[in-house]
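Notes for the structure review
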Amino acid sequence: MLMHTPRIGVVVLLAACGGAPSGGTGEASSGGGESTGGAPPTSTTAPVTTGGEATSEPGGSSGGSTSGEAACGDTAPPDAPIPWDRGQPDIAGCEVRGFRDYRAILHLHTHHSHDACDGDPQPGGVPDEACLQHLRDALCVTRIDVAFTSDHPEFATSATVEEMLVMRGDDEPILGDGGTPIAAWLKCPDGHRVLMLPGIESSSMMPFGIEAHAEAAYGESSPASFQAIKDVGAVAWVAHTEGRDVAELATLGLDGIELYQLHANLDPEIREEDLGLDPDGFLADVSPFFFGGLAHPPEPDLATLAFLVPNEPSIVALETLGLTQRISVSAGTDAHENVLPNDAPDGERIDSYRRMIRWFNNRIRLDGPLTPQAAKAALRAGHNHIVIESFGLPIGFDFHAVAGDTFTEMGAEVTASGDLKIVATLPRLDPRSPQGGTPPGIEGRLIRATMLGRETLETWTEGSVEVAADMPGVYRVEVWITPRHLEPYLGDVAADHTDKPMPWIYSAGLFVRG
């Protein structure tokens, strides 16, 4: 039965993400090790100047991803609004100091999750191929480079790691040390390809990039269970940080936590109990994006303007844990395509894989080729930041520390010294992003957390800032955008959103030690 009540329809976007069965027992085999692959070293010398090749004209398509090599902000903004793009521009030609960013989705469910695909992911014991095709198309259209899936154990432990890679057609397996597939290249019709790595999400943990099952570990939150999933090649992560006890997290030997979780903004119970927000406070603003009723409805992909707020408990967790250990961060899409088959005003189901993947992603930064081990090493090292790309494609964002000719990349630890500087560079809006004639406002916030609390060291609106790291702490950057450029796509609700600053980028931390 179709759901027509806005409160019911929007609230169910939280979509059965938690309380997954923990799985049974099984053997844990050794896997891919801790190779750094192409992840940037934590410290380097002689940085390369920011650059990128401009090999395509700006533009977009209402039907799919922008094609061609990335222009990386080197062309002029468009004279007329670009049609809304259901996909995202190619970023293959974009570099920052010789490093390349790769779009990554972390926390994504396939038909190997019992609650995916409208609650029936394997009808009659056979995968729902139509639902899987929606997922594959979404990854291709949005030009995702890396997808870390996170399937619930109830179904996933009945599948092999190879089956969890959901290979079809011309997809190419990537073999591990044992000669069996541990990852795969998903082939897109336009030649783009997506690196697929399998993982698990239970209520206790979310290991990314498993190379074998560690079933006995999935249902337990302990140092031993997290070591067990590391022993099978996984990156040790937790989901839904907003609901976890930080003191317990500090004991687990984690690689990373979710800094932003979609459901924390949409689940009334989480909003009230964990974020301290009005449980239904977003519903009136969200309704026009999904349920229409206006002469000129807004673009549904821009619903993030109506509900996205910082997950403050998760930010506190980063700042608290980071005082004594290095910890990485991610944004969790948590897409299942399982709750709202109703069409939005654009004719696509409200909770489609494509729409949710289009909302935001992670950026894994590498200085070499994209491989399974390089991607996992970059996550472990914290060479990752979060981009709310529904608001536009940022080009040129950077955050690092420098002392003399030694550079320390975001995500790393560095010892305080007299010449240590924290350097942060604001991005530009890529001219290929959908935009009207009014440019957005862009503001950077350089933040430091210490035992005494949090303080904003600098705010700035263009270029770079350089701040002396004169005391230990967790340093990080937030970039906020005032989306005036999105006015042509917001119809009758434009005045409600175009002057409201929104989070655009969350950096990883830089951990300065005494």
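Everything quoted here is computed from the prediction, not taken from an experiment.

**Topic: the overall build of the chain**
The secondary structure content of the chain amounts to 15 helices and 25 strands. In the chain, which comprises 514 residues, the share counted as buried stands at 60%. Look at the contacts in the chain between residues 6 or more apart in sequence, and 72% of them connect residues 24 or more apart. With the model as given, the accessible surface of the chain reaches about 17700 Å², and the carbon-plus-sulfur share is 51%.

**Digging into helix α2 (residues 129-141)**
For α2, which comprises 13 residues, the first-to-last C-alpha distance of 18 Å matches the rise-based estimate of 18 Å (1.5 Å per residue) to within 8%. If you follow the buried residues of α2, they end up packed against β4 (100-108), β5 (146-148), β7 (181-187), β8 (193-197) and α13 (353-359). Positioned one or two residues after α2, Arg143 has a phi angle of 55 degrees, which is positive.

**What to know about the pattern of salt bridges**
In total, this model carries 31 salt bridges according to the counting rule given. Glu389 is the partner of Arg103 in a salt bridge, and the nearest nitrogen-oxygen pair spans 2.7 Å. Of this pair, Arg103 sits in strand β4 while Glu389 is found in the loop between β13 (384-387) and β14 (394-395), placing the two residues 286 residues apart along the sequence. The shortest N-O distance in the salt bridge between Asp171 and Arg136 comes to 2.7 Å.

**Quick word on the environment of Ala508**
In this fold, Ala508 is placed in the loop between β24 (502-506) and β25 (510-513). Separated by 127 residues in sequence, Ala508 and Ala381 have C-alpha atoms that sit 9.8 Å apart.

**Some details on unusual backbone geometry**
Positive phi outside glycine occurs at Asp118, with the angle close to 55 degrees. As for its placement among the helices and strands, Asp118 is situated in the loop between β4 and α2. Judged by its relative accessible area of 40%, Asp118 is partly exposed. Phi at His240 is positive, roughly 50 degrees, even though this residue is not glycine. Among the secondary structure elements, His240 is positioned in the loop between β9 (237-238) and α7 (246-249).

**Here we look at the environment of Cys117**
By secondary structure assignment, the location of Cys117 is in the loop between β4 and α2. Discounting chain neighbours no more than four positions away, the residues touching Cys117 are His111, Asp128, Cys131, His336, Glu337, Asn338 and Tyr353.

**Structural notes on the state of the cysteines**
On inspection of all chains with the given rule, the structure shows 2 disulfides. Disulfide partner of Cys140: Cys188, at an S-S distance of 2.1 Å. Its torsion about the S-S bond being -85 degrees, the disulfide of Cys140 and Cys188 is classed as left-handed. Residue Cys140 is located in helix α2, and its partner Cys188 is located in the loop between β7 and β8; the two are separated by 48 residues in the primary sequence.

**Here we look at the packing of aromatic side chains**
This structure, assessed with the given rule, holds 6 aromatic pairs. Each ring, one from Tyr260 and one from Phe360, has its centre 5.2 Å from the other, and the planes form 90 degrees; the classification is edge-to-face. Of this pair, Tyr260 sits in strand β10 (residues 256-261) while Phe360 sits in the loop between α13 and β12 (361-366), and the two are 100 residues apart along the sequence. Here the aromatic rings of Phe307 and Trp359 are separated by 5.3 Å at their centres, their planes lie at 70 degrees, and the arrangement is edge-to-face.

**Looking at the pairing of strand β16 (residues 406-409)**
Relative to β16, strand β15 (residues 398-403) runs antiparallel, the two sharing 4 bridges. By the bridge assignment, Ala403 is partnered in β16 with Thr406.

**So, the nonpolar core**
Ranked by size, the top nonpolar core spans 111 residues in total, and within it Leu139, Phe307 and Phe399 carry the most contacts. Per-element accounting of this core gives the leading share, 6 residues, to α2.

**Here we look at the pairing of β7**
Among the 7 residues that make up β7, 6 are buried, leaving the element largely enclosed by the rest of the structure. In this structure, strand β6 (residues 172-175) lies alongside β7, joined through 4 bridges in antiparallel fashion. Paired with Pro173 across the strands is Ala184, a residue of β7. Where β6 hands over to β7, the hairpin turn is made up of 5 residues, of which Gly179 adopts a positive phi near 85 degrees. Pairing of β7 with β8 involves 4 bridges; the strand directions are antiparallel. When the sheet's bridge partners are listed, Trp185 is paired in β8 with Leu195. Turn length for the β7-β8 hairpin, with the two strands adjacent in sequence and antiparallel, is 5 residues, and the turn residue Gly191 shows positive phi of about 100 degrees.

**What to know about the confidence of the model for the chain**
Mean pLDDT over the chain: 88, with 87% of residues reaching 70 or higher. Here residues 1-10 is a poorly scored stretch, pLDDT under 50, and it has 21 contacts once near neighbours within four places are set aside; other chains count. Within the model, the stretch residues 12-36 combines pLDDT values under 50 with 76 contacts to residues more than four positions away or in other chains.

**Describing the side chain of Glu478**
Topologically, Glu478 is positioned in strand β23 (residues 473-482). Here Glu478 falls in the buried class, since its relative accessible area comes to 7%. A polar atom in the side chain of Glu478 sits 2.9 Å from the side chain of Trp480. Setting aside residues no more than four positions away along its own chain, Glu478 makes contact with Ile315, Glu443, Gly444, Arg445, Ile447, Ile505 and Tyr506.

**A look at a negative patch on the surface**
Residues Glu269, Glu272, Glu273 and Asp278 make up a contiguous surface patch of negative charge. Residue placement: Glu273 occurs in helix α9 (residues 268-273).

**Details of the side chain of Glu299**
Note on placement: Glu299 falls in the loop between α10 (283-291) and α11 (304-307). No salt bridge is formed by the buried Glu299; its nearest oppositely charged neighbour, Arg355, is found at 4.5 Å. Not counting residues within four places of it along the chain, the set of residues in contact with Glu299 comprises Trp84, Phe289, Asp346 and Tyr489.

**Concerning the environment of Thr142**
Of note, Thr142 is situated in the loop between α2 and β5. Separated by 215 residues in sequence, Thr142 and Ile357 have C-alpha atoms that sit 7.2 Å apart. Reaching out from Thr142, the side chain makes a polar contact with the backbone oxygen of Ala138 at a distance of 2.6 Å.

Analysis parameters
- Residues numbered from 1 in each chain as written.
- Predicted model: local features only at pLDDT ≥ 70, side-chain atom pairs only at ≥ 80, totals over all residues.
- Heavy atoms only, no water.
- Helix = DSSP H or I, 4+ residues; strand = E, 2+ residues; numbered from the N terminus.
- Buried < 20%, exposed > 50% of the residue type's maximum accessible area, 1.4 Å probe, protein only.
- Contact = heavy atoms within 4.5 Å.
- Areas by Shrake-Rupley, 256 points an atom, 1.4 Å probe, with all protein chains shown as cover.
- Expected span 1.5 Å × (residues − 1).
- Salt bridge = Lys/Arg side-chain N within 4 Å of Asp/Glu carboxyl O.
- Disulfide = S-S within 2.5 Å.
- Phe/Tyr/Trp six-rings, centres within 6.5 Å; stacked < 30°, edge-to-face > 60°.
- Pairing = 2+ DSSP bridges.
- Core = buried A, V, L, I, M, F, W, Y, C linked by side-chain atoms within 4.5 Å.
- pLDDT = per-residue confidence, 0-100.
- Polar contact = N/O pair within 3.5 Å; in protein donor to acceptor, adjacent residues only side chain to side chain.
- Patch = residues over 30% accessible without salt bridge, like charges linked within 9 Å, V, L, I, M, F, W, Y side chains within 5 Å.
- Lys, Arg positive; Asp, Glu negative; His and termini not counted.
- Charge placed at Lys NZ, Arg CZ, Asp CG, Glu CD.

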